[in-house]
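Given next are the chains, with one letter for each unit.
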Amino acid sequence: MKYPDIILKRGKEESLDRFHPWVFSGAIAKAEQAVEEGDLVRVVASDGRVIGVGHAQVGSIAVRMLSFADEAIDADFYSRRLAEALRMRQALGLASGDSAFRLVHGEGDFLPGLVVDVYGRTAVMQAHSPGMHFAREVIAQALVNLPGADIENVYYKSETTLPYKANLDATNAYLIGSFQTDVAVENGLKFHVDWLKGQKTGFFIDQRDNRSLVEKYSTGRSVLNMFCYTGGFSVYAMRGGARLVRSVDSSAKAISLTRANMDLNFPGDERHEAIADDAFRYLDQIGQGEYDLIILDPPAFAKHRDALRNALRGYQRLNARAIERVAPGGIVFTFSCSQAVSREQFRLAVFSAAAQTGRRVRILHQLTQPADHPVNIYHPEGEYLKGLVLYVE
Ligand code: SAH
(Lines give C-alpha, C1' and ligand atoms only; values in the text may rest on other atoms or scores of the structure.)
Protein backbone atom coordinates (compact mmCIF):
# COMPACT_ATOMS: atom_id res chain seq x y z
CA MET A 1 0.00 0.00 0.00
CA LYS A 2 1.41 3.36 -0.96
CA TYR A 3 0.28 6.41 0.95
CA PRO A 4 0.07 9.87 -0.68
CA ASP A 5 3.35 11.79 -0.52
CA ILE A 6 3.84 14.99 1.44
CA ILE A 7 6.91 16.74 0.09
CA LEU A 8 8.93 18.94 2.42
CA LYS A 9 10.60 22.25 1.67
CA ARG A 10 14.34 22.12 1.25
CA GLY A 11 16.16 21.67 4.57
CA LYS A 12 12.95 21.00 6.50
CA GLU A 13 13.83 17.32 6.98
CA GLU A 14 16.50 18.20 9.54
CA SER A 15 14.51 17.65 12.73
CA LEU A 16 12.91 14.53 11.25
CA ASP A 17 16.37 13.15 10.55
CA ARG A 18 16.88 13.46 14.29
CA PHE A 19 13.64 11.47 14.73
CA HIS A 20 11.53 14.32 16.05
CA PRO A 21 8.04 12.96 15.35
CA TRP A 22 6.19 16.08 14.18
CA VAL A 23 6.02 17.77 10.77
CA PHE A 24 4.88 21.37 11.13
CA SER A 25 2.61 22.79 8.43
CA GLY A 26 5.20 25.44 7.51
CA ALA A 27 7.68 22.71 6.53
CA ILE A 28 5.51 21.33 3.75
CA ALA A 29 6.12 22.32 0.10
CA LYS A 30 3.27 20.34 -1.43
CA ALA A 31 1.08 17.28 -1.17
CA GLU A 32 0.87 14.74 -3.98
CA GLN A 33 -2.91 14.75 -3.63
CA ALA A 34 -5.49 16.32 -1.36
CA VAL A 35 -4.97 15.00 2.13
CA GLU A 36 -7.76 14.68 4.66
CA GLU A 37 -7.72 14.87 8.42
CA GLY A 38 -6.34 11.59 9.77
CA ASP A 39 -5.04 10.18 6.48
CA LEU A 40 -1.88 8.12 6.40
CA VAL A 41 0.80 9.93 4.41
CA ARG A 42 4.37 9.31 3.33
CA VAL A 43 6.79 12.12 4.16
CA VAL A 44 9.43 12.82 1.53
CA ALA A 45 12.40 15.21 1.63
CA SER A 46 12.85 17.79 -1.14
CA ASP A 47 15.47 15.55 -2.79
CA GLY A 48 12.99 12.66 -3.02
CA ARG A 49 14.31 10.66 -0.08
CA VAL A 50 11.53 8.93 1.86
CA ILE A 51 11.60 9.87 5.55
CA GLY A 52 8.73 7.78 6.86
CA VAL A 53 4.98 7.58 7.35
CA GLY A 54 2.55 9.28 9.64
CA HIS A 55 -0.95 10.57 10.34
CA ALA A 56 -1.91 13.83 8.67
CA GLN A 57 -3.76 16.43 10.67
CA VAL A 58 -5.13 19.94 10.13
CA GLY A 59 -3.28 22.46 12.27
CA SER A 60 0.24 23.58 13.03
CA ILE A 61 1.34 19.98 13.55
CA ALA A 62 0.53 18.67 10.08
CA VAL A 63 1.90 15.12 10.38
CA ARG A 64 2.63 12.93 13.39
CA MET A 65 5.23 10.38 12.40
CA LEU A 66 4.44 6.75 13.15
CA SER A 67 7.50 5.24 11.54
CA PHE A 68 10.80 6.40 10.11
CA ALA A 69 10.62 3.63 7.51
CA ASP A 70 8.52 3.26 4.40
CA GLU A 71 6.17 0.68 5.87
CA ALA A 72 2.49 -0.20 6.07
CA ILE A 73 0.59 1.07 9.12
CA ASP A 74 -1.74 -1.86 9.62
CA ALA A 75 -2.88 -4.27 12.32
CA ASP A 76 0.53 -5.91 12.32
CA PHE A 77 2.26 -2.55 12.83
CA TYR A 78 0.10 -1.71 15.87
CA SER A 79 0.59 -5.21 17.28
CA ARG A 80 4.36 -4.82 17.08
CA ARG A 81 4.36 -1.37 18.67
CA LEU A 82 2.04 -2.55 21.48
CA ALA A 83 4.21 -5.63 22.09
CA GLU A 84 7.28 -3.38 22.43
CA ALA A 85 5.39 -1.14 24.85
CA LEU A 86 4.26 -4.11 26.94
CA ARG A 87 7.74 -5.66 27.01
CA MET A 88 9.11 -2.47 28.53
CA ARG A 89 6.38 -2.37 31.24
CA GLN A 90 6.99 -6.05 32.00
CA ALA A 91 10.70 -5.36 32.37
CA LEU A 92 9.74 -2.67 34.92
CA GLY A 93 7.56 -5.15 36.82
CA LEU A 94 4.49 -2.97 36.26
CA ALA A 95 2.32 -5.16 34.07
CA SER A 96 0.87 -7.92 36.14
CA GLY A 97 -2.52 -9.13 37.35
CA ASP A 98 -4.93 -6.38 38.29
CA SER A 99 -2.38 -3.58 38.30
CA ALA A 100 -2.83 -0.10 36.89
CA PHE A 101 -0.22 1.06 34.42
CA ARG A 102 0.17 3.14 31.28
CA LEU A 103 0.79 0.88 28.31
CA VAL A 104 1.07 3.55 25.63
CA HIS A 105 2.29 7.09 26.25
CA GLY A 106 2.01 8.74 22.83
CA GLU A 107 5.32 9.84 21.37
CA GLY A 108 7.09 8.16 24.30
CA ASP A 109 6.03 4.83 22.82
CA PHE A 110 6.45 5.89 19.20
CA LEU A 111 2.67 6.09 18.78
CA PRO A 112 1.96 9.84 18.62
CA GLY A 113 -1.65 10.68 19.41
CA LEU A 114 -2.41 7.51 21.37
CA VAL A 115 -2.71 6.91 25.10
CA VAL A 116 -3.63 3.53 26.61
CA ASP A 117 -4.00 3.01 30.34
CA VAL A 118 -4.57 -0.51 31.63
CA TYR A 119 -6.65 -1.20 34.74
CA GLY A 120 -6.56 -4.95 35.30
CA ARG A 121 -8.40 -6.47 32.35
CA THR A 122 -9.68 -3.19 30.97
CA ALA A 123 -7.73 -0.91 28.67
CA VAL A 124 -8.85 2.71 28.45
CA MET A 125 -7.81 4.20 25.16
CA GLN A 126 -7.59 7.88 24.25
CA ALA A 127 -6.99 9.28 20.78
CA HIS A 128 -5.47 12.74 20.57
CA SER A 129 -5.25 12.75 16.78
CA PRO A 130 -7.83 12.06 14.06
CA GLY A 131 -5.56 9.37 12.62
CA MET A 132 -5.64 7.40 15.87
CA HIS A 133 -9.39 7.90 16.04
CA PHE A 134 -9.79 6.22 12.65
CA ALA A 135 -7.47 3.40 13.73
CA ARG A 136 -9.35 2.78 16.99
CA GLU A 137 -10.98 -0.52 16.03
CA VAL A 138 -7.73 -1.99 14.73
CA ILE A 139 -5.89 -0.88 17.87
CA ALA A 140 -8.64 -2.22 20.17
CA GLN A 141 -8.40 -5.60 18.48
CA ALA A 142 -4.60 -5.55 18.76
CA LEU A 143 -4.96 -4.80 22.48
CA VAL A 144 -7.12 -7.83 23.26
CA ASN A 145 -4.86 -10.01 21.10
CA LEU A 146 -1.69 -8.75 22.76
CA PRO A 147 0.14 -11.80 24.14
CA GLY A 148 0.86 -11.55 27.85
CA ALA A 149 -1.49 -8.64 28.53
CA ASP A 150 -4.80 -10.29 29.54
CA ILE A 151 -6.86 -7.36 28.23
CA GLU A 152 -10.53 -8.29 27.75
CA ASN A 153 -12.30 -4.94 27.58
CA VAL A 154 -11.38 -1.83 25.65
CA TYR A 155 -13.09 1.43 26.55
CA TYR A 156 -12.64 4.28 24.09
CA LYS A 157 -12.64 7.72 25.70
CA SER A 158 -11.84 10.47 23.24
CA GLU A 159 -14.80 12.83 23.42
CA THR A 160 -12.65 15.57 24.89
CA THR A 161 -9.19 14.71 23.62
CA LEU A 162 -9.63 15.02 19.85
CA PRO A 163 -9.21 18.40 18.14
CA TYR A 164 -12.77 19.72 18.20
CA LYS A 165 -12.38 21.38 14.81
CA ALA A 166 -12.00 17.94 13.26
CA ASN A 167 -15.69 17.33 14.03
CA LEU A 168 -15.25 13.64 14.61
CA ASP A 169 -18.07 13.20 17.08
CA ALA A 170 -16.24 10.50 18.97
CA THR A 171 -18.55 8.86 21.49
CA ASN A 172 -17.14 7.30 24.61
CA ALA A 173 -17.96 3.60 24.52
CA TYR A 174 -16.66 0.09 24.93
CA LEU A 175 -15.22 -1.02 21.60
CA ILE A 176 -14.71 -4.53 22.94
CA GLY A 177 -16.15 -6.21 26.04
CA SER A 178 -18.02 -4.41 28.79
CA PHE A 179 -17.78 -3.28 32.40
CA GLN A 180 -16.37 -5.89 34.81
CA THR A 181 -14.85 -4.22 37.84
CA ASP A 182 -13.60 -0.73 38.53
CA VAL A 183 -11.00 -1.74 41.11
CA ALA A 184 -7.34 -1.69 40.12
CA VAL A 185 -4.28 -2.22 42.27
CA GLU A 186 -1.23 -0.02 42.65
CA ASN A 187 1.65 -1.12 44.87
CA GLY A 188 -0.74 -3.35 46.79
CA LEU A 189 -3.29 -0.57 47.40
CA LYS A 190 -6.75 -0.73 45.84
CA PHE A 191 -8.42 2.07 43.92
CA HIS A 192 -11.79 2.56 42.24
CA VAL A 193 -11.11 3.86 38.76
CA ASP A 194 -13.98 5.73 37.14
CA TRP A 195 -13.09 5.74 33.46
CA LEU A 196 -16.71 6.44 32.54
CA LYS A 197 -16.98 9.78 34.31
CA GLY A 198 -13.57 10.50 35.84
CA GLN A 199 -10.87 12.84 34.59
CA LYS A 200 -8.46 11.62 31.91
CA THR A 201 -8.67 7.83 31.87
CA GLY A 202 -9.98 7.76 35.44
CA PHE A 203 -6.82 7.72 37.52
CA PHE A 204 -3.58 9.66 37.64
CA ILE A 205 -1.21 6.76 37.15
CA ASP A 206 1.59 9.24 36.60
CA GLN A 207 1.92 9.99 40.33
CA ARG A 208 2.61 6.37 41.33
CA ASP A 209 6.29 6.78 42.25
CA ASN A 210 5.64 10.12 43.91
CA ARG A 211 2.86 8.60 45.99
CA SER A 212 5.36 5.98 47.19
CA LEU A 213 7.70 8.75 48.25
CA VAL A 214 4.89 10.43 50.20
CA GLU A 215 4.29 7.11 51.97
CA LYS A 216 7.94 7.08 53.08
CA TYR A 217 7.75 10.58 54.53
CA SER A 218 4.35 10.18 56.22
CA THR A 219 5.28 8.27 59.38
CA GLY A 220 3.96 10.15 62.40
CA ARG A 221 3.15 13.25 60.37
CA SER A 222 -0.06 15.21 59.95
CA VAL A 223 -0.65 15.27 56.21
CA LEU A 224 -2.64 17.68 54.06
CA ASN A 225 -3.40 16.45 50.54
CA MET A 226 -4.60 19.37 48.44
CA PHE A 227 -6.36 18.67 45.11
CA CYS A 228 -6.81 15.07 46.22
CA TYR A 229 -9.08 13.87 43.35
CA THR A 230 -9.15 10.07 43.94
CA GLY A 231 -7.25 10.38 47.21
CA GLY A 232 -4.21 8.56 45.87
CA PHE A 233 -1.64 10.41 47.96
CA SER A 234 -3.88 10.15 51.03
CA VAL A 235 -4.17 6.36 50.89
CA TYR A 236 -0.38 6.04 50.63
CA ALA A 237 0.11 8.47 53.51
CA MET A 238 -2.22 6.33 55.65
CA ARG A 239 -0.21 3.20 54.88
CA GLY A 240 2.94 5.16 55.67
CA GLY A 241 1.67 5.66 59.22
CA ALA A 242 0.53 9.27 59.15
CA ARG A 243 -0.88 10.63 62.40
CA LEU A 244 -3.77 12.20 60.49
CA VAL A 245 -4.58 12.81 56.84
CA ARG A 246 -6.88 15.50 55.41
CA SER A 247 -7.87 15.37 51.74
CA VAL A 248 -9.19 18.52 50.09
CA ASP A 249 -10.77 19.01 46.67
CA SER A 250 -13.31 21.50 45.36
CA SER A 251 -15.24 18.76 43.59
CA ALA A 252 -17.83 16.86 45.63
CA LYS A 253 -17.37 13.88 43.30
CA ALA A 254 -13.65 13.80 44.05
CA ILE A 255 -14.40 13.82 47.76
CA SER A 256 -16.77 10.86 47.51
CA LEU A 257 -14.22 9.02 45.36
CA THR A 258 -11.54 9.69 47.97
CA ARG A 259 -13.83 8.37 50.72
CA ALA A 260 -14.61 5.26 48.68
CA ASN A 261 -10.91 4.59 48.12
CA MET A 262 -10.15 5.09 51.78
CA ASP A 263 -12.91 2.58 52.64
CA LEU A 264 -11.36 0.06 50.25
CA ASN A 265 -8.04 0.19 52.06
CA PHE A 266 -8.58 1.58 55.57
CA PRO A 267 -12.25 1.11 56.44
CA GLY A 268 -13.34 2.96 59.55
CA ASP A 269 -9.90 4.46 60.13
CA GLU A 270 -10.52 7.77 61.85
CA ARG A 271 -7.17 9.28 61.01
CA HIS A 272 -8.63 10.38 57.65
CA GLU A 273 -11.01 13.18 56.80
CA ALA A 274 -12.10 14.41 53.34
CA ILE A 275 -13.22 18.00 52.86
CA ALA A 276 -14.86 19.69 49.86
CA ASP A 277 -13.37 23.17 49.62
CA ASP A 278 -11.42 25.51 47.43
CA ALA A 279 -7.69 24.97 47.85
CA PHE A 280 -6.75 28.62 48.20
CA ARG A 281 -9.52 29.28 50.71
CA TYR A 282 -8.69 26.18 52.71
CA LEU A 283 -4.97 26.97 52.89
CA ASP A 284 -5.77 30.48 54.07
CA GLN A 285 -7.51 29.24 57.19
CA ILE A 286 -5.23 26.39 58.33
CA GLY A 287 -3.23 27.01 61.45
CA GLN A 288 0.45 27.84 61.47
CA GLY A 289 2.25 24.50 61.88
CA GLU A 290 -0.99 22.48 61.79
CA TYR A 291 0.46 20.18 59.11
CA ASP A 292 3.94 18.82 58.75
CA LEU A 293 3.49 17.39 55.27
CA ILE A 294 1.57 19.25 52.57
CA ILE A 295 0.95 17.93 49.06
CA LEU A 296 0.05 20.34 46.26
CA ASP A 297 -0.97 18.60 43.05
CA PRO A 298 -3.17 21.10 41.23
CA PRO A 299 -4.68 20.69 37.77
CA ALA A 300 -2.68 22.11 34.86
CA PHE A 301 -2.83 25.86 35.49
CA ALA A 302 -1.56 26.54 31.96
CA LYS A 303 -3.15 24.43 29.28
CA HIS A 304 -1.70 26.75 26.63
CA ARG A 305 1.30 29.02 26.32
CA ASP A 306 -0.74 32.22 26.47
CA ALA A 307 -1.98 31.31 29.95
CA LEU A 308 1.58 30.94 31.20
CA ARG A 309 1.99 34.16 33.18
CA ASN A 310 -1.19 33.66 35.16
CA ALA A 311 -0.29 30.04 35.74
CA LEU A 312 3.12 30.92 37.18
CA ARG A 313 1.48 33.46 39.45
CA GLY A 314 -0.99 30.80 40.56
CA TYR A 315 1.82 28.35 41.40
CA GLN A 316 3.64 31.04 43.33
CA ARG A 317 0.56 32.01 45.35
CA LEU A 318 -0.32 28.42 46.16
CA ASN A 319 3.20 27.42 47.14
CA ALA A 320 3.73 30.54 49.23
CA ARG A 321 0.69 29.61 51.33
CA ALA A 322 1.90 26.07 51.91
CA ILE A 323 5.52 27.00 52.63
CA GLU A 324 4.38 29.71 55.01
CA ARG A 325 2.08 27.45 57.03
CA VAL A 326 3.89 24.11 57.13
CA ALA A 327 5.33 23.15 60.52
CA PRO A 328 9.05 23.72 61.22
CA GLY A 329 10.92 20.72 59.82
CA GLY A 330 7.95 20.14 57.56
CA ILE A 331 7.82 18.84 54.03
CA VAL A 332 6.03 20.17 50.97
CA PHE A 333 5.46 18.04 47.88
CA THR A 334 4.65 20.42 45.05
CA PHE A 335 3.78 19.55 41.45
CA SER A 336 2.98 20.99 38.08
CA CYS A 337 1.54 18.88 35.30
CA SER A 338 1.34 21.76 32.81
CA GLN A 339 3.27 20.87 29.71
CA ALA A 340 3.51 24.58 28.88
CA VAL A 341 5.42 25.25 32.13
CA SER A 342 9.07 24.24 31.97
CA ARG A 343 10.95 22.66 34.84
CA GLU A 344 12.95 25.90 35.25
CA GLN A 345 9.87 28.11 35.25
CA PHE A 346 8.17 25.96 37.84
CA ARG A 347 11.22 25.95 40.04
CA LEU A 348 11.45 29.71 39.73
CA ALA A 349 7.79 30.06 40.80
CA VAL A 350 8.46 27.89 43.86
CA PHE A 351 11.66 29.80 44.58
CA SER A 352 9.72 33.08 44.49
CA ALA A 353 7.13 31.58 46.82
CA ALA A 354 9.82 30.49 49.28
CA ALA A 355 11.53 33.89 49.15
CA GLN A 356 8.20 35.57 49.85
CA THR A 357 7.88 33.63 53.11
CA GLY A 358 11.47 34.23 54.16
CA ARG A 359 11.79 30.68 55.51
CA ARG A 360 14.82 28.46 54.97
CA VAL A 361 13.86 25.99 52.27
CA ARG A 362 15.87 23.18 50.74
CA ILE A 363 15.04 20.91 47.80
CA LEU A 364 15.20 17.26 48.83
CA HIS A 365 13.98 15.64 45.62
CA GLN A 366 13.26 16.68 42.07
CA LEU A 367 10.44 14.55 40.76
CA THR A 368 9.07 13.68 37.37
CA GLN A 369 6.76 11.23 35.62
CA PRO A 370 7.27 7.49 36.11
CA ALA A 371 8.86 5.04 33.70
CA ASP A 372 5.57 3.95 32.14
CA HIS A 373 5.24 7.56 30.90
CA PRO A 374 8.56 7.50 29.05
CA VAL A 375 10.02 10.50 27.27
CA ASN A 376 11.12 9.79 23.73
CA ILE A 377 14.63 11.25 23.74
CA TYR A 378 13.98 12.81 20.34
CA HIS A 379 10.80 14.47 21.64
CA PRO A 380 11.67 16.39 24.82
CA GLU A 381 8.18 18.00 24.75
CA GLY A 382 6.93 14.70 26.18
CA GLU A 383 8.25 15.58 29.62
CA TYR A 384 5.39 17.26 31.46
CA LEU A 385 5.23 16.29 35.14
CA LYS A 386 7.49 18.28 37.46
CA GLY A 387 7.69 18.05 41.20
CA LEU A 388 9.81 19.31 44.07
CA VAL A 389 10.02 17.99 47.59
CA LEU A 390 10.91 20.83 49.94
CA TYR A 391 12.23 20.72 53.48
CA VAL A 392 11.15 23.81 55.35
CA GLU A 393 13.04 24.78 58.55
N1 SAH B 1 -3.60 14.64 43.14
C2 SAH B 1 -4.54 13.92 42.33
C3 SAH B 1 -4.78 14.56 40.98
C4 SAH B 1 -5.24 15.98 41.04
S5 SAH B 1 -6.22 16.45 39.69
C6 SAH B 1 -4.09 12.48 42.17
O7 SAH B 1 -3.01 12.11 42.64
O8 SAH B 1 -4.82 11.70 41.58
C9 SAH B 1 -6.70 18.04 40.13
C10 SAH B 1 -7.85 18.11 41.12
O11 SAH B 1 -7.93 19.46 41.55
C12 SAH B 1 -9.23 17.76 40.58
O13 SAH B 1 -9.77 16.72 41.33
C14 SAH B 1 -10.05 19.04 40.74
O15 SAH B 1 -11.39 18.80 41.17
C16 SAH B 1 -9.28 19.77 41.81
N17 SAH B 1 -9.39 21.23 41.82
C18 SAH B 1 -9.35 22.09 40.78
N19 SAH B 1 -9.39 23.36 41.19
C20 SAH B 1 -9.45 23.34 42.56
C21 SAH B 1 -9.49 24.34 43.57
N22 SAH B 1 -9.46 25.64 43.28
N23 SAH B 1 -9.50 23.93 44.85
C24 SAH B 1 -9.52 22.62 45.17
N25 SAH B 1 -9.48 21.64 44.24
C26 SAH B 1 -9.44 21.98 42.95
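What counts as what
- Starting afresh in each chain, residues are numbered from 1 along the sequence in its written order.
- Where local features are concerned, this predicted model is filtered to residues with pLDDT of at least 70; where side-chain atom pairs are given and counted, the filter is 80 or more; whole-chain, interface and lining totals use all residues.
- Processing note: side-chain calculations cover all non-hydrogen atoms of the structure and skip hydrogens and water entirely.
- Segment limits for the domains were obtained from an automatic or database-derived domain assignment.
- By definition in these notes, contact holds between two residues if any of their heavy atoms fall within 4.5 Å.
- Buried surface area refers to the total accessible area, computed with a probe of radius 1.4 Å, that the two partners give up upon joining, counted for both partners together.
- Salt-bridge detection follows one rule: a side-chain nitrogen of Lys or Arg within 4 Å of a carboxyl oxygen of Asp or Glu.
- N or O atoms closer than or at 3.5 Å make up a polar contact, with two conditions inside protein: a donor-capable atom paired with an acceptor-capable one, and, for residues adjacent in sequence, both atoms drawn from side chains.
- Secondary structure follows DSSP: runs of H or I at least 4 residues long count as helices, runs of E at least 2 residues long count as strands, and numbering of each begins at the N terminus.
- Being near a molecule or strand, for a residue, means having at least one of its heavy atoms within 4 Å of it.
- Residues were grouped as follows: Ala, Val, Leu, Ile, Met, Phe, Trp, Tyr, Cys and Pro as nonpolar; Asp, Glu, Lys and Arg as charged; and all remaining residues, including Gly, as polar.
- Any two strands are treated as partners once DSSP identifies two or more bridges connecting them.
- Axes here refer to lines fitted to C-alpha atoms; in helices the fit is confined to the stretch in contact. Angles between the N-to-C directions go from 0 to 180 degrees.
- Note on exposure labels: buried denotes an accessible area under 20% of the residue type's maximum, exposed denotes more than 50%, and partly exposed covers the range between, all computed with a 1.4 Å probe on protein chains only.
- A positive count includes Lys and Arg, and a negative count includes Asp and Glu. His and the chain ends are not counted in either.
- Whether two aromatic rings pair depends on their centres lying within 6.5 Å, for rings of Phe, Tyr and Trp, where Trp uses its six-membered ring; planes under 30 degrees apart make the pair stacked, over 60 edge-to-face, and the rest tilted.
- A ring is considered to have a charge above it if a Lys NZ or an Arg CZ atom is located within 6 Å of its centre and within 35 degrees of its normal.
- Two cysteine sulfurs form what is called a disulfide whenever their separation falls within 2.5 Å.
- Throughout, nonpolar core names a set of buried Ala, Val, Leu, Ile, Met, Phe, Trp, Tyr and Cys residues whose side chains join them through atoms within 4.5 Å.

### Considering the domain arrangement of the protein chain
And then number 1: Per the domain assignment, the segments of the protein chain are domain 1 (5–67), domain 2 (75–186) and domain 3 (204–392).
And then number 2: Here the C-alpha centre of domain 3 lies 28 Å away from the C-alpha centre of domain 2.
And then number 3: Contact residues are listed per partner, giving 16 residues for domain 2 and 14 residues for domain 3.
And then number 4: Together domain 2 and domain 3 conceal approximately 1200 Å² of surface at their shared face, both sides included; 60% is due to carbon and sulfur atoms.
And then number 5: When the area that domain 2 buries against domain 3 is broken down by residue, the three leading residues are His105, Glu107 and Glu186, summing to 44%.
And then number 6: Our count for the domain 2 to domain 3 interface comes out at one salt bridge.
And then number 7: Salt-bridge contacts for Glu186 lead to Arg211; the nearest nitrogen and oxygen are separated by 2.9 Å.
And then number 8: Counting across the interface, domain 2 meets domain 3 through six residue pairs in polar contact (both at pLDDT 80 or more).
And then number 9: Looking at the side of domain 2 that touches domain 3, the elements that each hand over two or more residues are helix 2 (75–91), strand 7 (100–105), strand 8 (114–119) and strand 12 (183–186).

### Overview of the pattern of salt bridges
Opposite charge on two side chains makes pairing possible when the charged atoms of those side chains draw close.
And then number 1: A complete count under the given rule lists 24 salt bridges for this structure.
And then number 2: Salt bridges linked by common partners bring Lys2, Asp5, Glu32, Arg42 and Asp70 together as one network.

### Side note on the site of the ligand
And then number 1: Lining the immediate surroundings of the ligand are 16 residues, of which Phe227, Asp249, Asp278, Ala279 and Asp297 lie closest.
And then number 2: In the model, a nitrogen atom of the ligand is placed 2.8 Å from a nitrogen or oxygen of the Ala279 main chain.
And then number 3: Grouping the amino acids of the shell around the ligand by side-chain chemistry returns seven nonpolar, four polar and five charged.

### Considerations on the sheet that holds strand 5 (residues 50–56)
And then number 1: One open sheet accounts for six strands, arranged 2-6-5-4-1-3; its pairing is mixed. A strand with exactly one partner marks an edge of an open sheet, and here the two such strands are strand 2 (22–24) and strand 3 (28–31). The average undirected angle you get between the axes of adjacent strands in this sheet is 35 degrees.
And then number 2: Summarising the sheet, strand 2 and strand 6 (residues 61–67) pair through three bridges and their orientation is antiparallel. Following the sheet pairing, Val23 is matched in strand 6 by Val63.

### With respect to the side chain of Arg359
And then number 1: Tracing the backbone shows Arg359 in the loop between helix 10 (343–357) and strand 19 (361–367).
And then number 2: One buried charged residue, Arg359, remains without a salt bridge, the closest side chain of opposite sign being Glu393 at 8.0 Å.
And then number 3: Reaching out from Arg359, the side chain makes a polar contact with the backbone oxygen of Glu393 at a distance of 2.9 Å.
And then number 4: Those residues in contact with Arg359 that lie beyond four places of it in its chain are Gln288, Ile323, Glu324, Arg325, Val326, Ala327, Pro328, Ala354, Val392 and Glu393.

### Focus on the packing of aromatic side chains
And then number 1: Using the criterion set out here, one finds 14 aromatic pairs in the structure.
And then number 2: Ring centres of Tyr155 and Tyr174 lie 4.9 Å apart, and the angle between their planes is 65 degrees; this geometry places the pair in the edge-to-face category. Taken together, the residues span a long stretch of sequence, with Tyr155 in strand 10 (residues 153–156) and Tyr174 in strand 11 (residues 173–176) at a distance of 19 residues.
And then number 3: According to the relative accessible area criterion, Tyr174 is partly exposed, its value standing at 23%.
And then number 4: Through a chain of ring-to-ring contacts, the aromatic side chains of Phe19, Phe68 and Tyr378 assemble into a single cluster.
And then number 5: Sitting over the face of the ring of Tyr236, Arg239 holds its NZ or CZ atom 5.7 Å from the ring centroid.
And then number 6: If you follow Arg317 out to its NZ or CZ, it ends over the ring of Phe280, 4.3 Å from the centre.

### Description of the state of the cysteines
The term disulfide refers to a covalent linkage connecting the sulfur atoms of a pair of cysteines.
And then number 1: Within the structure shown, the criterion is met by zero disulfides.
And then number 2: Of all cysteine sulfurs in the structure, the one in Cys337 sits closest to Cys228, which takes part in no disulfide; the separation is 15 Å.

### Structural notes on the nonpolar core
And then number 1: Counting residues in hydrophobic clusters, the biggest one holds 36 residues, and the most contacted among them are Tyr78, Leu103, Val116 and Leu143.
And then number 2: Put simply, the parts of the chain that give this core at least two residues each are helix 2, strand 7, strand 8, strand 9 (122–127), helix 4 (136–144) and strand 10.
And then number 3: Apart from residues no more than four positions distant in its own chain, Leu143 is found in contact with Leu82, Leu103, Val116, Ala123, Met125, Ile151 and Val154.
And then number 4: Val223, Val245, Met262 and Cys337 belong to the second-largest nonpolar core, a separate cluster that totals 34 residues.

### Overview of the environment of Ala274
And then number 1: Within the secondary structure layout, Ala274 lies in strand 16 (residues 272–276).
And then number 2: What makes Ala274 buried here is its relative accessible area of 9%.

### Focus: helix 5 (residues 208–217)
And then number 1: Counting buried positions along helix 5 yields seven of ten residues, so the element is predominantly enclosed.
And then number 2: Of the residues making up helix 5, those classed as buried are Arg208, Asn210, Arg211, Leu213, Val214, Glu215 and Tyr217.

### A few points about the sheet that holds strand 8
And then number 1: Strand order in the open sheet formed by five strands is 7-8-9-10-11, with mixed pairing between adjacent strands. Of all strands in the sheet, those bounded by a partner on one side alone are strand 7 and strand 11. Geometrically, the sheet is characterised by an average inter-axis angle of 25 degrees between neighbouring strands, direction not taken into account.
And then number 2: Pairing analysis gives three bridges linking strand 10 to strand 11, with the strands arranged antiparallel. Looking at the pairing, Val154 lines up with Ile176 of strand 11.

### Details of unusual backbone geometry
And then number 1: One non-glycine residue with positive phi stands out, namely Asp169, at about 50 degrees.
And then number 2: Turning to its location among the elements, Asp169 is positioned in the loop between strand 10 and strand 11.

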